[in-house]
Amino acid sequence: MAIERTLSIVKPDGVQNGHIGHVLSVFEGNGLTIRAAKLVRLTQAQAEGFYAEHKGRGFFGELVEFMTSGPVLLVCLEGENAIAKNRELMGATDPAQAAPGTLRKLYAESKGRNTVHGSDGEASAARELRYFFSEAFEMV
Ligand code: ADP
Ligand code: MG
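Each value, and the rule that gives it
Residues numbered from 1 in each chain as written. Chains lettered and ligands numbered in written order. Predicted model: local features only at pLDDT ≥ 70, side-chain atom pairs only at ≥ 80, totals over all residues. Heavy atoms only, no water. Pairing = 2+ DSSP bridges. Helix = DSSP H or I, 4+ residues; strand = E, 2+ residues; numbered from the N terminus. Axes fitted to C-alpha atoms, helices over the stretch in contact; angles between N-to-C directions. Salt bridge = Lys/Arg side-chain N within 4 Å of Asp/Glu carboxyl O. Buried < 20%, exposed > 50% of the residue type's maximum accessible area, 1.4 Å probe, protein only. Phe/Tyr/Trp six-rings, centres within 6.5 Å; stacked < 30°, edge-to-face > 60°.

**So, the sheet that holds strand E3 (residues 72-80)**
For step 1, the next point in the chain: Taken together, the four strands give an open sheet; going across it, the order is E2-E3-E1-E4, and neighbouring strands pair in antiparallel fashion. Bordering the open sheet on either side are strand E2 (33-40) and strand E4 (116-118), each of which pairs with just one other strand. Along the sheet, successive strands turn relative to each other by an average axial angle of 20°, direction set aside.
For step 2, the next point in the chain: One ladder, built from seven bridges, connects E2 with E3; its direction is antiparallel.

Here it is, written out as structure tokens:
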């Protein structure tokens, strides 16, 4: 199994509702190590750039508005199969479809306000980590 790095984001609803601590403890309790973390308020341009693949979709405006509505916690996770493991711990995009015990099943209010983000593959993990973190100064 490969040691991977992936990006997690605790989205504005997760931060606002006080779930940072539990989300991080779920990661740590499942063999994932935190290699970088910062709490930031994304600008519109930063959120649009991050979600560029969804530009043109009906929910894009709502997504950018939500992601800029309050602070988010950006986290670099590392561990064996970290990309898939994080996706598994998050659960499906729509909380109605998310498996019991997953973060989205526990906390998400809707398909849009769904508490956490996770990179969906090796290429997106590399791109998303580069987008938010500087390897030289912010990753340990
Ligand atoms: P995931 O975050 O599970 O990888 P996607 O990459 O498909 O899901 O979508 C990115 C984000 O866009 C979702 O997490 C969610 O916040 C939002 N989103 C996706 N689909 C919808 C939708 N139909 N309505 C509202 N928001 C959506
Ligand atoms: Mg996605």
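**Thoughts on the pattern of salt bridges**
For step 1, the next point in the chain: All told, the structure shown has five salt bridges when counted by the stated rule.
For step 2, the next point in the chain: One salt bridge in this structure joins Arg5 and Glu78, with 2.8 Å as the shortest N-O distance. Here the residue Arg5 occupies a position in strand E1 (residues 3-10), and Glu78 occupies one in strand E3, the gap between them amounting to 73 residues.
For step 3, the next point in the chain: A residue is classified by how much of its surface remains accessible, and Arg5, at 24% relative accessible area, is partly exposed.
For step 4, the next point in the chain: Judged by relative accessible area, Glu78 falls into the buried class, the value being 18%.
For step 5, the next point in the chain: Salt-bridge contacts for Arg5 lead to Glu135; the nearest nitrogen and oxygen are separated by 3.6 Å. Of this pair, Arg5 sits in strand E1 while Glu135 sits in helix H8 (residues 135-138), and the two are 130 residues apart along the sequence.
For step 6, the next point in the chain: Exposure remark for Glu135: the relative accessible area of 57% places this residue in the exposed category.

**Some thoughts on the packing of aromatic side chains**
Each aromatic ring pair is described using two quantities: the centre-to-centre distance and the angle formed by the ring planes.
For step 1, the next point in the chain: The final tally for this structure, using the stated rule, is four aromatic pairs.
For step 2, the next point in the chain: Where Phe50 meets Tyr51, the ring centres are 4.8 Å apart and the plane angle is 80°; that geometry is what we call edge-to-face. The two residues Phe50 and Tyr51 agree in class, both being buried.
For step 3, the next point in the chain: On the basis of an interplanar angle of 85° and a centroid distance of 4.9 Å, the ring pair of Tyr131 and Phe132 is categorised as edge-to-face.
For step 4, the next point in the chain: Note on Tyr131: relative accessible area 32%, which makes it partly exposed.
For step 5, the next point in the chain: Taken together, the aromatic side chains of Phe50, Tyr51, Tyr131 and Phe132 make up a single cluster linked through ring pairs.

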